[in-house]
Amino acid sequence: MDLDQTTDNQSNPLLEDKNDATPNIGGSLPIIEYWAKHTLSPEGAKLWQTLLHKSACLSCAWGTGGQKGGFTNENGEKLQRCMKSVEAISAEIKPPVPVSIFTENTIEQLQKLTSYEADRLGRLSFPMILREGQSHYDRISWQEIYNIATDAFQKQPERVASYSSGRSSNEAAYLLQLMMRVLGSNNLADCSDLCHAPSTTALKQMFGFGTSMVSLENLEKSDCVVLIGSNPAYNHPRLMNELIKLRDRGGKVIVINPIVEIGLVKFGSPAFPIKSLLTGSDIANLYLQPIPGSDVALFVGIQKYLIEQGLVKTAYLQAHTEGWEAVLESATSTSWETITNTCGVTKSEIESAAKVISSSQLVVFGWAMGVTQQANSVDNVFSIANTALITGNAGKAGAGTMPIRGHSNVQGFGSMGVTIHLKKEIKTALEKLLGRSLELASGYDTRKLIEAADAGKVDTLICLGGNLFSANPDSTQAKRALAKIDTVIYLATKPNLGHFHGLGKKNTIVIPVFARFENPHKTTSESGNNFVRLSDEGTTHLKDADLISEVEFLTQLAHRLHGVSPINWLKLQNPQYVRQLIAQTIPGYEKIAQIDATKEEFTISGRIFTEPKFPTPSGKAIMFATPLPDLTLPTQEDFGVSESVPNVVIALITARSYSQHNTVVYKLHDQYRGMPHRNCILMNHKDAEKANLESRALVTVQGDAGKLENVEVIYGSVRQGAALMFYPEANAIFKARIDVRSGTPAFKRVPAIVYAQPISTL
Ligand SMILES: Nc1nc2c(c(=O)[nH]1)N[C@H]1C(S)=C(S)[C@@H](COP(=O)(O)OP(=O)(O)OC[C@H]3O[C@@H](n4cnc5c(=O)[nH]c(N)nc54)[C@H](O)[C@@H]3O)O[C@H]1N2
Ligand SMILES: Nc1nc2c(c(=O)[nH]1)N[C@H]1C(S)=C(S)[C@@H](COP(=O)(O)OP(=O)(O)OC[C@H]3O[C@@H](n4cnc5c(=O)[nH]c(N)nc54)[C@H](O)[C@@H]3O)O[C@H]1N2
Ligand code: SF4
Ligand SMILES: [Mo]
């Protein structure tokens with residue numbers, strides 16, 4: 001939909017299908033109401049103190065805070081702190097979970113809690129254990145934890161594993177992988193396996209490195225942003241400020257998303273209180289709604305139009321890329337009919353997008369989970385980057401490929417070597433450090449870890465943050481798999497459903513840790529824009545609590561496992577020394593060696609590309625042709641649903657509501673999509689009518705692993721054939737279908753059947 005052709009957004013045809021409960025603008029007043037409510041509440045003083053503390057924002061990887069102060073970004077711009085960061089802090093400054101919650105409730109009772117209820121219990125404040133055959137979590141001493149953990153890790157290296165989530169520090173991440181690798185284990189599963197692994201996989205092959213090539217400074221030079229499968233109005237709110245500024249300087253925004261996300265049409269940003277906050281700023285010039293999972297077809301279509309019109313930058317391709325002929329050939333030989341049938345976007349809309357891209361000077365291609373959580377996700381990323389290269393938009397300031405990363409330090413985990421695909425340079429550096437060669441097996445990523453555990457091949461698991469149980473597809477399998485692991489150790493700030501459902505066979509230990517702004521020492525983290533921030537030491541509001549820093553726990557455990565040579569782990573309790581090791585062994589991180597003295601935050605060297613010379617063997621970008629996906633959905637029969645039941649089979653998108661952070665739910669409703677509670681399905685009214693379903697009808701949504709009942713139908717601006725439900729609840733109903741090259745599940749295209757709730761169960 002070309003929004004430049006519509007003058008009045010109230011009658012914007014894109015919004016025709018939206019329900020009455022949905023506002024006409026994203027962001028805006030509810031943000032201010034939220035700020036006011038929380039900053040003026042009894043927790044307000046602590047909230048302000050934390051917001052002003054010199055530490056990196058906890059929430060998303062766009063990154064802000066650090067040494068420049070709570071509200072300033074790396075370019076020195078002020079007012080750069082969004083409501084999501086308040087939401088995240090507010091969750092961490094809650095009082096401790098009362099001891100009685102654990103003494104008075106059996107594990108079965110705790111299992112009845114929802115994600116929302118579990119988080120609202122408060123902060124974890126003492127270590128505890130659930131032993132085999134016991135009904136309650138009991139407090140445990142540190143001595144006993146270390147005894148159990150030391151025994152548990154003295155197993156064959158391939159039978160121990162770790163999982164991590166990107167909120168912990170670089171220092172903790174580095175220690176985790178070092179401890180595991182000294183053990184001889186390469187089983188370093190990480191939440192990025194469920195997230196941007198396809199971006200890393202594809203970009204490494206194409207450009208020789210796997211992160212964004214665009215800095216914030218360079219983004220501010222671009223005159224067009226193509227935003228694919230990303231909803232920054234919810235998940236990276238400050239990116240919205242960049243889009244508003246881009247529109248102000250006459251640039252264009254193309255949004256590619258099966259759902260009309262209201263904030264991507266119009267967004268009211270508090271960073272611009274006068275011109276934007278109340279009235280909203282226009283965001284998308286062009287809004288394309290492909291069938292979920294079909295982005296490759298859309299991008300091949302864009303390429304085909306550019307070829308047909310002679311708009312391909314052939315000289316650039318010849319000079320700076322390899323494999324371009326096959327990519328052009330493949331787009332040429334794919335028919336328009338195949339392209340438009342696969343993606344469900346008209347040829348004229350594809351042409352509009354191609355015209356905007358080719359007539360812009362500096363185009364940034366940004367994407368998130370709509371692209372990566374697909375069965376052909378690596379091809380998705382290839383097709384986007386191919387388009388960037390065909391138009392000469394890689395390797396110059398103001399243009400390029402920009403995966404929009406998730407957790408606030410998820411990218412740092414990858415840099416620190418928390419991955420089963422350890423870079424050769426890091427391996428060599430670690431070998432030098434250890435004075436011996438590292439024999440590393442192929443290792444378990446997150447899905448392989450669940451499969452291996454389910455097959456009884458894992459004895460011990462340490463989870464540095466996160467919620468492995470809720471984050472995975474097929475909750476029944478995840479629970480069963482974890483229950484086959486003898487010892488599961490969780491390090492966490494808050495209780496979550498993983499601690500109640502993801503239970504080990506013999507021992508489940510929950511260790512309470514300091515949040516980023518509470519650690520007794522400085523830590524660092526890395527944003528999606530490759531900027532390293534330093535967080536100062538702090539204190540916790542939890543009086544008399546028995547918390548530990550992640551760095552201390554990992555070094556204590558590693559010391560017990562590995563002794564003092566060749567690494568003196570106890571010395572590494574001071575993270576300054578960890579930073580010295582990072583500087584020696586992690587490419588691009590050399591400057592971290594001085595950060596304690598200089599406090600100088602920095603952009604990692606060798607990542608931001610302003611010239612089309614890439615770290616591949618030939619110095620050229622390598623292009624890959626991308627086959628179109630087969631998106632056939634199963635039939636009613638495949639789901640075993642009787643023909644007499646009116647139904648509709650849809651491609652279900654499982655995504656985030658406005659108020660949740662990953663598996664943790666902060667508020668039950670989603671005001672911007674008009675969804676009043678978590679058990680809703682957002683559908684196109686035409687699909688609902690096919691199954692005789694009125695708005696607000698109660699339905700069953702069934703996948704290949706289970707069903708959710710009493711789900712309320714909400715009509716919304718979703719393209720036909722697609723629907724949306726919230727994660728993690730939806731993980732109960734489908735099995736993992738993964739992209740084989742990256743291991744990432746297709747969370748954004750879950751085949752499901754929707755039918756009216758049988759009267760007897762109402
Ligand atoms: N407040 C908040 N911030 C967060 C998070 C959070 O939970 N809450 N999580 C963090 C993390 S770990 C991550 S990974 C990011 C996630 O950030 P996002 O990727 O923005 O989040 P999602 O809600 O999973 O999905 C994004 C969009 O993909 C679209 N989509 C679905 N299928 C397709 C498709 O086939 N093609 C296209 N083009 N689009 C599609 C959906 O309609 C949705 O708008 O956010 C990070 N920031
Ligand atoms: N269906 C579906 N499933 C998905 C997705 C989807 O879009 N759809 N998205 C996937 C994505 S992108 C991701 S990234 C994963 C997220 O999966 P995870 O990263 O595993 O889960 P989170 O919900 O982010 O983890 C939250 C927990 O982290 C702990 N925590 C918070 N801060 C800290 C800290 O500083 N230290 C420690 N040690 N613990 C801390 C708290 O106990 C909190 O309860 O889920 C994936 N699963
Ligand atoms: S955009 Fe992300 S990093 Fe920036 S303040 Fe908001 S949550 Fe924090
Ligand atoms: Mo993520």
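Trainee: Break down the domain arrangement of the chain for me, with residues and values.
Mentor: Domain boundaries in the chain define domain 1 (9-92), domain 2 (99-195 + 409-587), domain 3 (197-403) and domain 4 (647-756). Computed over C-alpha atoms only, the centres of domain 1 and domain 3 are separated by 25 Å. Contacts between the two partners involve 26 residues from domain 1, matched on the other side by 30 residues from domain 3. Note on domain 1 versus domain 3: buried area summed over both sides is about 2,200 Å², and carbon and sulfur give 66% of it. Among the residues domain 1 hides against domain 3, the three largest losses belong to Leu14, Ile25 and Trp62. Together they make up 28% of the total. The tally of links between domain 1 and domain 3 comes to zero salt bridges. Summed over the shared surface of domain 1 and domain 3, the result is six residue pairs in polar contact (both at pLDDT 80 or more). Contributing elements (two or more residues each) for the side of domain 1 that touches domain 3: strand E1 (26-27) and helix H1 (29-39). No other element matches the three residues that H1 contributes to the side of domain 1 that touches domain 3. Its residues assigned to classes, the side of domain 1 that touches domain 3 shows eleven nonpolar, eleven polar and four charged.

Trainee: If you had to explain the packing of aromatic side chains to someone new, which residues and values would you point to?
Mentor: One pass over the full model with this rule turns up 13 aromatic pairs. Ring plane angle 75° and centroid distance 5.0 Å describe the contact between tyrosine 234 and tyrosine 658, whose orientation is recorded as edge-to-face. Residue tyrosine 234 is found in helix H11 (residues 232-235), and its partner tyrosine 658 is found in the loop between strand E21 (647-655) and strand E22 (660-661); the two are separated by 424 residues along the sequence. Look at tyrosine 658 and you get buried, because its relative accessible area is 5%. With a centroid separation of 6.2 Å and an interplanar angle of 55°, the aromatic rings of tyrosine 234 and tyrosine 672 are classed as tilted. With a gap of 438 residues between them, tyrosine 234 in helix H11 and tyrosine 672 in the loop between strand E23 (664-665) and strand E24 (680-683) connect regions that are remote in the sequence. Of the two residues, tyrosine 234 and tyrosine 672, neither departs from the other in class, the shared state being buried.

Trainee: Any details on the site of ligand 3? Residues and values, ideally.
Mentor: Taken together, Cys57, Ser59, Cys60, Gly63, Thr64, Arg81, Cys82, Lys84, Ser85, Pro237 and Arg238 make up the full set of residues near ligand 3. At the level of elements, helix H3 (83-92) and helix H12 (237-248) are the ones that each hand at least two residues to the shell around ligand 3.

Trainee: Talk me through empty space enclosed by the protein; I want residue IDs and the actual numbers.
Mentor: On inspection of all chains with the given rule, the structure shows four cavities of 30 Å³ or more. Empty space within the second largest cavity amounts to approximately 110 Å³. If you trace the second largest cavity, you find 14 residues lining it, with Thr22, Val260, Tyr672, Arg673 and Ser717 closest to the centre. When the residues that make up the lining of the second largest cavity are grouped by side-chain class, the tally is seven nonpolar, four polar and three charged.

Trainee: So what's going on with the sheet that holds strand E9 (residues 281-282)? Residues and values would help.
Mentor: In space, the three strands of this open sheet follow the order E1-E8-E9, with mixed pairing throughout. Of all strands in the sheet, those with a lone pairing partner are E1 and E9, marking the two edges. Bridge analysis of E1 against strand E8 (residues 266-268) gives two bridges, and the strand direction is parallel. Looking across to E8, one finds that glycine 26 is bridged to phenylalanine 267.

Trainee: So what's going on with the site of ligand 2? Residues and values would help.
Mentor: Close to ligand 2 lie 32 residues, the nearest being Tyr163, Ser165, Glu550, Thr663 and Asn731. Separating an oxygen atom of ligand 2 from a side-chain N or O atom of tyrosine 727 is a distance of 2.7 Å. Relative to its unbound accessible surface of 930 Å², ligand 2 loses 96% to contact with the protein.

Trainee: I'd like a rundown of the nonpolar core, residues and numbers included.
Mentor: Proteins that are soluble and globular tend to have nonpolar side chains buried together. Core analysis: the biggest nonpolar cluster contains 103 residues, and Phe207 and Val226 have the highest contact counts within it. No fewer than three residues from each of domain 1 (9-92) and domain 3 (197-403) sit in this core. Not counting residues within four places of it along the chain, the set of residues in contact with phenylalanine 207 comprises Met213, Ala385, Leu389, Ala394, Thr401, Phe614, Pro615, Thr616 and Ala621. Grouped together as the second largest cluster of nonpolar side chains are 64 residues, Ile101, Ala118, Leu693 and Ala723 included.

Trainee: I'd like a description of the layout of surface pockets, backed by residues and values.
Mentor: Its volume calculated, the largest pocket comes out at about 720 Å³. Taken together, 34 residues line the largest pocket, and the ones lying closest to its centre are Thr200, Lys204, Gly210, Gly414 and Lys423. Elements that contribute at least two residues to the lining of the largest pocket include exactly strand E5 (188-190), helix H9 (197-207), helix H21 (410-415) and helix H22 (424-434). Residues belonging to the lining of the largest pocket are distributed by class as follows: nine nonpolar, 16 polar and nine charged. Counting contributing residues, the lining of the largest pocket receives three or more from each of domain 2 (99-195 + 409-587) and domain 3 (197-403). If you add up the space inside the second largest pocket, you get close to 470 Å³. Taken together, 20 residues make up the lining of the second largest pocket; nearest its centre are Ser475, Leu497, Pro728, Glu729 and Ala732. Only helix H6 (115-120), helix H24 (468-471), helix H25 (475-482) and helix H26 (497-501) provide two or more residues apiece to the lining of the second largest pocket. At three residues, the largest contribution of residues to the lining of the second largest pocket is made by H25. Residues of the lining of the second largest pocket, tallied by class, amount to nine nonpolar, eight polar and three charged.

Trainee: Report on the sheet that holds strand E10 (residues 286-288), specifying residues and quantitative values.
Mentor: Either a parallel or an antiparallel arrangement is found when strands of a sheet pair, and the pairing is made through backbone hydrogen bonds. Taken in spatial order, the five strands line up as E10-E7-E6-E12-E13 in an open sheet, and their pairing is parallel. Since the sheet does not close on itself, it has two edges, and those belong to E10 and strand E13 (400-403), each with one partner. Shown here is a sheet whose adjacent strand axes are inclined to one another by a mean of 15°, direction ignored. Sheet topology note: the strand E7 (residues 252-256)/E10 ladder contains three bridges and is parallel. Pairing of isoleucine 256 across the sheet is with leucine 288, part of E10. Relative to the sheet, H9 contacts strand E12 (363-367) and E13, its axis offset from that of E13 by approximately 155°. Relative to strand E6 (residues 224-228), H12 is tilted by about 140°, and along the sheet it contacts E6 and E7.

Conventions and cut-offs
- Residues numbered from 1 in each chain as written.
- Chains lettered and ligands numbered in written order.
- Predicted model: local features only at pLDDT ≥ 70, side-chain atom pairs only at ≥ 80, totals over all residues.
- Heavy atoms only, no water.
- Domains from an automatic or database assignment.
- Contact = heavy atoms within 4.5 Å.
- Buried area = accessible area lost by both parts, 1.4 Å probe.
- Salt bridge = Lys/Arg side-chain N within 4 Å of Asp/Glu carboxyl O.
- Polar contact = N/O pair within 3.5 Å; in protein donor to acceptor, adjacent residues only side chain to side chain.
- Helix = DSSP H or I, 4+ residues; strand = E, 2+ residues; numbered from the N terminus.
- Nonpolar A, V, L, I, M, F, W, Y, C, P; charged D, E, K, R; others polar.
- Phe/Tyr/Trp six-rings, centres within 6.5 Å; stacked < 30°, edge-to-face > 60°.
- Buried < 20%, exposed > 50% of the residue type's maximum accessible area, 1.4 Å probe, protein only.
- Near = heavy atom within 4 Å.
- 1 Å grid on protein atoms, 1.4 Å probe; cavity = no way out; pocket = protein on both sides within 12 Å on 5 of 7 lines; lining within 4 Å.
- Points joined across faces, edges and corners; volume = space filled by probe spheres on them.
- Pairing = 2+ DSSP bridges.
- Areas by Shrake-Rupley, 256 points an atom, 1.4 Å probe, with all protein chains shown as cover.
- Core = buried A, V, L, I, M, F, W, Y, C linked by side-chain atoms within 4.5 Å.
- Axes fitted to C-alpha atoms, helices over the stretch in contact; angles between N-to-C directions.

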